[in-house]
Every structure is written in structure tokens, then in C-alpha cells.
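# Understanding the architecture of this molecule
In case you want the letters, here they are:
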Amino acid sequence: MKQRVTKAIFPVAGLGTRFLPATKSIPKEILCLVDKPLIQYAIDEAREAGIEEFIFVTSRGKGALEDYFDGAPQLEQSLKAKGKDDLLDVLMKSTMDSGEIAYVRQREALGLGHAVWCARRLIADEPFAVILTDDVIEAEQPVLKQMVEAHEQTGGNMVAAMEVAPSKASAYGLLDIKEDMGSLVSVKGMVEKPKPEDAPSNLAVIGRYILTPQILKNLETQERGAGGEIQLTDAIAKEITTSDNVYGFRFQGTRYDCGSKAGFLQATVAFGLARGDLCDEFRDFLIETLECRRAAQ
Ligand code: UTP
């Protein structure tokens, strides 16, 4: 019988330099889309996919992230006393039970593969998920849930995949497709941030993974890849030659790259417009602003 995926690793130890100066004192994952931090979108998605244990790989300066999930007794009491039950409900949804979250430290930002490897002692002989909080995906069914369901059929290693414009493909890990089965593709090669002439396709890896524990063993060698970093892509690519069990999954949904400023702004607009309590005022503002800009040109 296939094992259930109940653990997820959230690598949040990166430096977040693209959001300086904000990230000088605030972890990138605490930045908000409308009123919810990026990390909360990732936790909600994981929970809906059946994840029960949440493993954070953190680093120096990420204390605010750890505090975010704690109880806030004073605030809770005050909201209770004032009868603000709706806000109390919002607050309670952001609180994690004792023991649900584990934190491990990455001493040095040596790359995503290294960050995942830092959590190795918390993963037993079981498949596990990895979620990058930068990738926020608006979807009817949460993307990790879509993947968990597909993974029940395939087993092995699965990466979320999305077609990107060829001009942008070199910024991603790209899949070399063996067989295209529609939403699923089997993979015969993977390469992280290749030169445009070496790109095997424009099917890019996005920040959701379901991986076998063998990936953690592959990461033991600490080999450096693209950009001098220890790359998760390389550790997954090794499995293609040894086990032939790597799949790409074309998910249903719209992905926003909230690790970039443009992507973050796009997500803010999309999530703002999707909010019933804000959309009318926000849409009118956007239309007016665009009209004013056009008139001024
Ligand atoms: P990024 O490539 O976006 O790097 O990492 P970054 O440091 O977060 O941001 P920039 O590029 O400096 O602006 C992708 C994901 O991998 C994690 C990051 O926290 C992010 O979730 N990561 C990256 C680590 O946890 N450790 C690392 O050594 C590198």
C-alpha cells in the first residue's frame, strides 16, 4: 500500500534580497497579500492536502515567523470581551497546535537542496511534500491536494509543472519530457536554470514537490549546481537515472511568483479583486487610476 503524505517541509531560510529593504527586518514569508501573510496561504494549502506535520527550515532573523504561529492570549481575550467573534475566528485559524510545527535551522543559505536536506532527521522512510511559499497558486482545488491525488496513482517523485514563455524559461528548473500524458508527464531529464540554447522544454518546475526519502540521501553529497548552490533539482534528476520515477504534474490554477516584486503586485491585485468585501472599491480605484494614466500619456 502507498504511504500517505503527512509531512511538509517549508524552506524559508533564504535571504529574500529581492525585497530589500523590507526583508532587512521582516521575513519575506510574513509579507501580506491583502491581509494574509504568504506563509498562511502555504499552510492552508498543505492542511487541505492532508498534511499534519509542518517542518520549517529557518535561519537567523526569522523569529517573527515563529511568533506568527503562537497563541496571542491578550489579543484573544480582548476580541472575546468585545464580542468580535469573526476576528477571533481569523486569529485562531493562524494559531498552530503545540507540536504541529517543527523548526530546524539552516546555518548558511547554501541553496534550496541544502535547506531541504537540513530537515532530514524529521523525515522517516516516507514520502514528503516541499512547499515554496513564494509560489502562491490560486486554484479551485488546492494544488498540493491535486498532486497528492495524482501521486496516489504514480508514487515516486512528483514536481508541479507549468508552461512558461520561452524567453523566461532560463529562470526555472526545466523538464525534459519522456512521455506526455496530459496532466502528468514522465520525465527523462531535469536541468536548473539552463542557458536558453540548452533548455529541454519550456515546462518549468514550480514550488510544490512530493518526494521520496531517497532525495535526502542524494543531497548528502552536497554537490553544488547552478549558481554555486546545492540544488534540489539536481537531487531529483539523479532519481531519473537510478529509479525512473520522476513525474511532472500540470496543475490547474494560476501561479503568482511572489518572490519577485512584479509577481507580488500581480497577486495583490488578483487576490484583492477576488475578495467580496473589497472588490467593488478596489476595481473602481484600478479603473480610475488606469484611465488617469492613459489620459496623462
Ligand atoms: P529564492 O531563490 O527565492 O531565494 O529561494 P531567496 O533568498 O528566498 O530570495 P532572493 O532571491 O534573495 O530574493 C526559493 C526558496 O528557497 C528557500 C527560500 O527561503 C525560498 O523559499 N531557500 C533558498 C532556503 O530556505 N535556503 C537557501 O539556502 C536558499
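Note: the structure precedes this text.
My aim in this report is to walk through the structure given alongside it, one point at a time. (Residues numbered from 1 in each chain as written. Predicted model: local features only at pLDDT ≥ 70, side-chain atom pairs only at ≥ 80, totals over all residues. Heavy atoms only, no water.)

## Describing the packing of helix α3 (residues 73-81) against helix α4 (residues 85-93)
Where α3 contacts α4, the two axes come as close as 9 Å, and the packing angle between them is 155°. The orientation of α3 relative to α4 falls into the category roughly antiparallel. Between α3 and α4 the crossing geometry is left-handed. Judged by residue contacts, L75, E76, L79 and K80 of α3 engage L87, L88, L91 and M92 from α4. (Axes fitted to C-alpha atoms, helices over the stretch in contact; angles between N-to-C directions. Helix = DSSP H or I, 4+ residues; strand = E, 2+ residues; numbered from the N terminus. Parallel < 35°, antiparallel > 145°, perpendicular 65-115°, else oblique. Left-handed = near helix turned anticlockwise from the far one by under 90°. Contact = heavy atoms within 4.5 Å.)

## Comments concerning the site of the ligand
Around the ligand, 17 residues are found, and the nearest of them are L15, T17, R18, K28 and Q106. At 2.9 Å, a backbone N or O of P11 approaches an oxygen atom of the ligand. Within the backbone of A13, one N or O atom sits 2.9 Å away from an oxygen atom of the ligand. The protein chains hide 82% of the 570 Å² of surface that the ligand would expose on its own. The residue makeup of the shell around the ligand, split by class, is eight nonpolar, five polar and four charged. (Near = heavy atom within 4 Å. Polar contact = N/O pair within 3.5 Å; in protein donor to acceptor, adjacent residues only side chain to side chain. Areas by Shrake-Rupley, 256 points an atom, 1.4 Å probe, with all protein chains shown as cover. Nonpolar A, V, L, I, M, F, W, Y, C, P; charged D, E, K, R; others polar.)

## With respect to helix α6 (residues 143-154)
Helix length check: α6 (12 residues) gives 16 Å between terminal C-alpha atoms against 16 Å at 1.5 Å per residue, within 8%. One or two steps after α6, the chain reaches G155, where phi turns positive at roughly 65°. (Expected span 1.5 Å × (residues − 1).)

## Focus on the packing of helix α9 (residues 261-273) against helix α10 (residues 279-296)
Direction vectors running N to C along α9 and α10 enclose 135°, while the axes themselves pass 8 Å from each other. Taken as axis vectors, α9 and α10 run oblique relative to one another. Contacts between α9 and α10 involve T268, V269, G272 and L273 from the former and C279, F282, R283 and L286 from the latter. Partitioning the contact of α9 with α10 into residue classes produces five nonpolar, two polar and one charged.

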